[in-house]
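# Coordinate analysis (summary)
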Amino acid sequence: METERGTSARERLMDAAYAEVVGGSWPGQRMADIAAAARVSRQTLYNVFGSKEGLLQAVVVREVDGLLDTVVRSLEAEEQDPAHAVSRATRLVLLAARDNPLMRAVVTGDRDLLPVLTTRSAPLLEVMGERIAWRLGERCPGADAALAEVVADVAVRLTVSYALQPIDPEQAAERVERVVHGMLLVSR
């Protein structure tokens, strides 16, 4: 469903939800309110996202995917070893978790927001893991896909953990680099 400006109902719904999360009013918002703000029916919202949590997950995944696009572009500009590339990605993600309004709201938000990074984080972990595994596969052409997936999964889970219990992004990135470097060394 497109509007005269070409913005899909899906994008308008995610934009409306983003505004509610960043504005701090997500927990009190009803689906009908979000649908009205996006100028679509409540039924359309349910058809597209299934639930309020599904909408929140889609908003967070969209934000993180955009962040990962930025991370990949910055990493493509330099030729570093894979462990260092993952370390830089960790640092950039942790800085975004601290500085990005949506990520900060989710990390510091209430009990309605936090599950998207904890108990119901599968969509987010999947997107991040796939992107990092793909990048590792590119940087380590001799490594098998299974190793890249395992390394990416560990790196993503460490990064999310550090986002939830913040430490200095440089220190966290260094720790992730050591773990990834060790995993890649052992596999040789």
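Our structure's up above, just so we're on the same page.
For clarity, every value in this text was computed on a predicted model and none was experimentally measured.

### Describing the overall build of the protein
When its secondary structure is counted, the protein shows nine helices and zero strands. In sequence order, the secondary structure elements of the protein are arranged as α-α-α-α-α-α-α-α-α. Across the 188 residues of the protein, 46% fall into the buried class. Long-range pairs, those at least 24 residues apart, make up 67% of the contacts in the protein with a sequence separation of at least 6. For the protein, the computed accessible surface area is about 9,800 Å², with 51% contributed by carbon and sulfur atoms.

### A few points about helix 1 (residues 9-23)
With 15 residues, helix 1 extends 21 Å between its outermost C-alpha atoms, agreeing within 8% with the 21 Å of an ideal straight helix rising 1.5 Å per residue. Buried within helix 1 we find Ala9, Arg12, Leu13, Met14, Ala16, Ala17, Glu20 and Val21. Count one or two residues on from helix 1 and you reach glycine 24, which has phi positive near 85°.

### A short note on the packing of aromatic side chains
As enumerated under the stated definition, the model contains zero aromatic pairs in all. Directly above the ring of tryptophan 26 sits lysine 52, whose terminal nitrogen or CZ lies 5.0 Å from the centroid.

### Structural notes on the nonpolar core
Residues Leu13, Val21, Trp26, Leu55, Val60 and Val180 are the most contacted members of the largest nonpolar core, which totals 60 residues. The biggest single contributor to this core is helix 4 (residues 52-76), with 10 residues. Excluding anything up to four places from it in sequence, leucine 13 contacts Ile34, Ala35, Ala38, Val40, Leu45, Phe49 and Leu55.

### Notes on the pattern of salt bridges
Tallied over the entire structure, the rule returns 10 salt bridges. With a closest N to O distance of 3.0 Å, aspartate 33 and arginine 30 form a salt bridge. Classification of aspartate 33 as partly exposed rests on a relative accessible area of 29%. In this structure, arginine 131 engages aspartate 65 in a salt bridge whose closest nitrogen and oxygen atoms are separated by 2.6 Å. Here the residue arginine 131 occupies a position in helix 7 (residues 122-139), and aspartate 65 occupies one in helix 4, the gap between them amounting to 66 residues.

### Structural notes on helix 7
Over its 18 residues, helix 7 extends 25 Å from the first C-alpha to the last, a length consistent with the 26 Å expected when each residue adds 1.5 Å. Regarding helix 7, the residues found buried are Leu124, Leu125, Val127, Met128, Gly129, Arg131, Ile132, Ala133, Arg135, Leu136 and Arg139.

### Notes on the packing of helix 1 against helix 6 (residues 101-108)
The contact between helix 1 and helix 6 brings their axes to 8 Å, and the two run at 55°. Here helix 1 lies oblique to helix 6, going by the angle between them. Helix-helix and strand crossings are classified by hand; for helix 1 and helix 6 the assignment is left-handed. Across the interface between the two elements, Tyr18, Val21 and Val22 of helix 1 pack against Pro101, Leu102, Ala105 and Val106 of helix 6. Of the residues contributing to the contact of helix 1 with helix 6, the split by class is seven nonpolar, no polar and no charged.

### A closer look at the packing of helix 5 (residues 82-99) against helix 8 (residues 145-164)
Running from amino to carboxyl end, helix 5 crosses helix 8 at an angle of 30°, the nearest separation of the two axes being 10 Å. Compared by their axis directions, helix 5 and helix 8 come out roughly parallel. Crossing angle aside, the handedness with which helix 5 passes helix 8 is right-handed. Contacts between helix 5 and helix 8 involve Val86, Thr90, Val93, Leu94 and Ala97 from the former and Ala155, Thr159, Tyr162 and Ala163 from the latter. The residue inventory of the contact of helix 5 with helix 8, partitioned by class, reads seven nonpolar, two polar and no charged.

Here is what the cut-offs are and how they apply
All residue numbers refer to positions counted from 1 along the written sequence of the respective chain. It should be noted that, the model being predicted, local features are given only for residues of pLDDT at least 70 and side-chain atom pairs only at 80 or more, the latter also being counted only at that level, while totals for whole chains, interfaces and linings use all residues. Neither water nor hydrogens contribute to the side-chain values; these are computed over all heavy atoms in the structure. Strands are runs of DSSP state E lasting at least 2 residues, helices are runs of H or I lasting at least 4, and numbering of each runs from the N terminus. The rule is simple: take the accessible area with a 1.4 Å probe, protein chains only, and divide by the maximum for that residue type; under 20% is buried, over 50% is exposed, in between is partly exposed. Two residues form a contact once any of their heavy atoms are found within 4.5 Å. In short, Shrake-Rupley with a 1.4 Å probe defines the accessible areas, and a residue's cover is counted only from the protein chains shown. A helix's residues, less one, multiplied by 1.5 Å, set its expected span. Pairing of aromatic rings covers Phe, Tyr and Trp, the last counted by its six-membered ring, and requires centre-to-centre distances within 6.5 Å; plane angles under 30 degrees mean stacked, over 60 mean edge-to-face, and any other angle means tilted. A ring is scored as having a charge over it whenever the NZ atom of a lysine or the CZ atom of an arginine sits within 6 Å of its centre and within 35 degrees of its normal. For this analysis, a nonpolar core means a set of buried residues of the types Ala, Val, Leu, Ile, Met, Phe, Trp, Tyr and Cys, connected via side-chain atoms within 4.5 Å. Any carboxyl oxygen of Asp or Glu that lies within 4 Å of a side-chain nitrogen of Lys or Arg is treated as forming a salt bridge with it. Whenever a helix is involved, its axis is fitted only over the stretch in contact; in every case the axis is a line through C-alpha atoms, and angles between N-to-C directions fall within 0 to 180 degrees. Each angle receives one of four descriptions, namely roughly parallel if under 35 degrees, roughly antiparallel if over 145, roughly perpendicular if within 65 to 115, and oblique otherwise. Left-handed describes a crossing whose near helix is turned anticlockwise from the far helix through less than a right angle; right-handed describes the clockwise counterpart. Lys, Arg, Asp and Glu make up the charged group, whereas Ala, Val, Leu, Ile, Met, Phe, Trp, Tyr, Cys and Pro make up the nonpolar group; the residues left over, Gly among them, are polar.

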